Amino acid sequence: MRVPLRWLSEYVDLTIDVKELARRLTVAGLEVADIITAGDWSAISVGYVEKIEPHPNADRLVLATVAAGDGEHRVVCGAPNVRAGQKIAYASIAAKLIDGHTGEPTLLKAAKIRGVESQGMICSEKELGISGEHTGILVLPDDAKVGTPLSEVIGDTILDIETTPNRPDWLSVLGIAREVAAVTGQAWRDPPIDYPESAKPAKDMIAVEIADPDLCPRYVAAVIENVTVGESPQWMKDRLIAVGMRPINNVVDITNYVMLEMGQPLHAFDYTKVRGRKIIVRRALGGERIRLLAEDEDRALGDEMLVIADGEGATAVAGVMGGGDSEVTDATRTILLESANFKGTSIRRTSQALKLRTDASTRFEKGLSSQLPPVAAARAVKLMVELCGGKAAQGVVDAFPGATKEGRVTLTLDRLARVLGLDVPQAQVKKILGSLGFGVRWMPPDRFIVRPPYWRTDVTIADDVIEEIARIIGYDELPTTQLGGRIPVWVPQPLPALRERVSDILVAAGMQQIITYSMTDIETLSKVLPREELAINRPLKLANPLSRQYEFARTTLRHALLETLAANERGSGELIALFETARTYQPREADLPHEVESLCGVVSGRALDRWGLPRGEPAGFFDAKARLEHLLDTLHVSSTFRETHDFAYLPGRTAEIVTGDTPVGLVGEVHPRVAAEFGINAPVAMFEVDLEALLPHVAEVVHYEAVSPYPPVEEDLAVIVPEDVTATRVVELIRAFPLVKSVRVFDVYTGDPIPAGKKSLAFAITYQSDKETLTDADVAKQRGRIIERLRRELGAEPRA
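Procedures and definitions
Residues numbered from 1 in each chain as written. Predicted model: local features only at pLDDT ≥ 70, side-chain atom pairs only at ≥ 80, totals over all residues. Heavy atoms only, no water. Phe/Tyr/Trp six-rings, centres within 6.5 Å; stacked < 30°, edge-to-face > 60°. Helix = DSSP H or I, 4+ residues; strand = E, 2+ residues; numbered from the N terminus. Lys NZ or Arg CZ within 6 Å of the ring centre and 35° of its normal. Expected span 1.5 Å × (residues − 1). Buried < 20%, exposed > 50% of the residue type's maximum accessible area, 1.4 Å probe, protein only. Arc of directions from axis to C-beta. Pairing = 2+ DSSP bridges. Contact = heavy atoms within 4.5 Å. Axes fitted to C-alpha atoms, helices over the stretch in contact; angles between N-to-C directions. Salt bridge = Lys/Arg side-chain N within 4 Å of Asp/Glu carboxyl O. Core = buried A, V, L, I, M, F, W, Y, C linked by side-chain atoms within 4.5 Å.

## Considering the packing of aromatic side chains
Argument step 1. Per the stated rule, a full pass over the model turns up eight aromatic pairs.
Argument step 2. Between the aromatic rings of Trp188 and Trp455, the centroid separation amounts to 5.8 Å while the plane-to-plane angle is 85°, which identifies the pairing as edge-to-face. Of this pair, Trp188 sits in the loop between α5 (173-184) and β14 (197-201) while Trp455 sits in the loop between β29 (447-451) and α13 (462-473), and the two are 267 residues apart along the sequence.
Argument step 3. The residue whose ring lies beneath Arg218 is Phe400, and the NZ or CZ to ring-centre distance is 3.9 Å.

The structure is reproduced here in structure tokens:
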């Protein structure tokens, strides 16, 4: 919300420096993101056009004689609206302007234009940096004093304020004025809303019917006759331009002005185009269409969209935009003014469905007060009477089926002290709340009865009132105290605890953890899952997604890891190891999805050797499996691996992880076809674990084993086995020997000189005794027994 200080000062006295004001507002919850000041107009002043003469060498240019307080200047000008007798913005040589062609800042230089020297420039709004308007020069008010610096006439300082969704009243200059009054100890002034009325009653000129009061609690209609549609006064145009809004005509500008001033969107209809002299607020009919303002095609309307209709059809989309059929034009003489209250969620859904977000919809969707429409209508009618020469019909038509009693909130001293940690005197509570417009009544012995003002729709409970007191006192003024109350009983949560533990283990193993969105789309999921599976078990679709890219709840983490890997590949071949622990959402018939705690990891790039140095070949199945085995070993989970098939994995290089008799996940190399879908051309290995399925197998109690005081002996053993013998089976047999502390496979080889139908497996074995230091003879004896058992049970032979 952009708030010009000159406009703001109409409603509250500004008694402190603008930077201090910005600080106080920010501390009170209104973050002032920027303080915008007028452009560098040091060499630009108010000028007076004394006479206009034709240019001797150009038909479209004129020579203007300009008085600027320091003498007369001859200026070459090509603006179509320049006239003798005007007050204009005169820029002398060396003034800093905006180039009308490039939009870049530039310094004005002396120049000859078609053979005539121009001693300066008469400026447009674009050249001054006020707006993009450059079809004509900026004409200043007649009371502007010649020679006065331009910054003193139209210059302003603007506060750019970041508002919060729960405070729609902050989307108005008056709403900000109330906050300024509270933080500076001033009183604010409401704008005047009284106006003279004609003898003709408004109720005899227009009827209002609210067919769907659940979407429209209140609708106020006023009629203004004999208006003259034309240009707005300069002061109003200046204020609209200052907040970034383009002036159109006095009627439309007044509706925008009051919206910015009071926060209530308004809409003006040409009264003569309202068929049947009746307004009907209803849901759109099936197949109904409407052509909106400034659009060339009709829009299709959904049956849950609220429209403003007359006796023959829809004329506006409620709270979003008016229709072209009832638009105010220069020929309009009678105005039907709408000031209504609409349900915020309905307006937001309509705006999103039509992909049409307006200043009005932005305010309505935040939940405006139903007490605001008659006040804003009165303010707009007053301005139309004064600025458009109109005559207001007597009274207004006020349909209010959603009327409710004023809210009351009870605030006890005990609750106030408990939340803030300090005792606030009664007088201070009354002063603070009164400065914000709250009604306060003390009820002995210990409570206040608080009546929130009509514009504060967000205050409904005692803690809301306490927040108001706290922010005006200043959060930095609240004392620091120790936590009080009873400590809640600790409730174990095994699954979240396992997820955190898994993350810690994998990070310690050198992998990087990522966090991705829980939502995705069907096209992305179909890259890693079969389409027929998605058709049968369709993922949960959000009723109100942020975009089509995030319509469905993910059923796997595969796509997220591959997308992240693709985004971080740099072509250097450096090893990338990523993982994520998060929930996936498995669909269930006629129920919400089952939320499964899941783990997924990927490894790609040049593989590392036993000492952590890059090897020549790319990381593959065993690199992913090594990290997975490290995780399982650290969790003291015993697992086996068996060959399987899966859509996203490469056949022959995919294994199912089995713990006990329970499959808990997959590990393997990603199919090149799947990797290519994400723009990945290098080999990728991946593993997935269902942490919920793994949890029962994770030991709750880990028994301590004393560390052997005797040194280990490490050696490698390579054996040749039939191709159908798995490395897992060999590891199981080796681990069964009492002196073997650990064993891991580090090489698999086929080809010459290994015989056909055979393969070589190499293992790193650690021997250690808890009773004595092992000798070479001890290790040789154990090795011989291992080889003998492998030969007997698997047909293995040691490799020379």
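## Describing helix α22 (residues 776-794)
Argument step 1. Over its 19 residues, α22 extends 26 Å from the first C-alpha to the last, a length consistent with the 27 Å expected when each residue adds 1.5 Å.
Argument step 2. For α22, the full list of buried residues reads Val779, Gln782, Ile786, Ile787, Leu790 and Leu794. Down the axis of α22, the buried set is contained in an arc of 140°. They therefore lie on one face. Turned more than 90 degrees from where α22 packs its buried face, Ala777, Lys781 and Arg792 sit exposed.

## Points about the sheet that holds strand β43 (residues 758-767)
Argument step 1. With antiparallel pairing, the four strands of this open sheet are ordered in space as β42-β43-β41-β44. The open sheet has two free edges, formed respectively by β42 (740-749) and β44 (797-798), since each of these has just one partner strand.
Argument step 2. Bridge analysis of strand β41 (residues 713-722) against β44 gives two bridges, and the strand direction is antiparallel. Each residue of the ladder has a partner; that of Ile720, found in β44, is Glu797.
Argument step 3. Where α22 meets the sheet, its contacts fall on β41, β42, β43 and β44, and the angle it forms with β41 comes to roughly 20°.

## Structural notes on the environment of Asp423
Argument step 1. For Asp423, the location among the structural elements is in the loop between α11 (413-420) and α12 (426-435).
Argument step 2. Looking at Asp423, the relative accessible area reads 69%, which means it is exposed.
Argument step 3. Residues Asp423 and Ala380, 43 residues apart in the sequence, show an inter-C-alpha distance of 44 Å.

## Describing the pattern of salt bridges
Argument step 1. Taken as a whole and assessed by the stated rule, the structure comprises 46 salt bridges.
Argument step 2. Where Arg447 meets Asp446, a salt bridge forms, and the shortest distance between an N and an O atom there is 3.0 Å.
Argument step 3. Residue Asp446 is classed as partly exposed on the basis of its relative accessible area, which comes to 28%.
Argument step 4. Ionic contacts of the salt-bridge type, sharing partners, join the residues Arg167, Asp169, Glu179, Arg456, Asp458, Glu468 and Arg471 into one network.

## With respect to the nonpolar core
Argument step 1. Counting residues in each nonpolar core, the largest one holds 75 residues, and the members touching the most others are Leu8 and Ile469.
Argument step 2. The greatest single-element share of this core, amounting to eight residues, is contributed by α5.
Argument step 3. Excluding residues that lie within four positions of it along the chain, Ile469 makes contacts with Leu411, Leu416, Leu420, Val429, Ile432 and Leu433.
Argument step 4. The next biggest cluster of nonpolar side chains, apart from the first, holds 40 residues, and it includes Ile210, Val274, Phe342 and Ala360.

## Regarding the pairing of strand β6 (residues 87-91)
Argument step 1. A large share of β6 lies buried, amounting to five of its five residues.
Argument step 2. Neither face of β6 is exposed, since Lys87, Ala89 and Ala91 on one face and Ile88 and Tyr90 on the opposite face are all buried.
Argument step 3. Note that strand β3 (residues 44-54) and β6 share five bridges and pair antiparallel. What sits directly across from Ile44, in β6, is Ala91.
Argument step 4. The pairing of β6 with strand β12 (residues 139-140) spans two bridges and is antiparallel. Each bridged residue has a counterpart across the sheet, and for Ile88 the counterpart in β12 is Val139.
Argument step 5. Of the pairings in the sheet, the one linking β6 to strand β11 (residues 121-122) comprises two bridges and is antiparallel in character. Considered in β11, the bridge of Ala91 is made with Met121.

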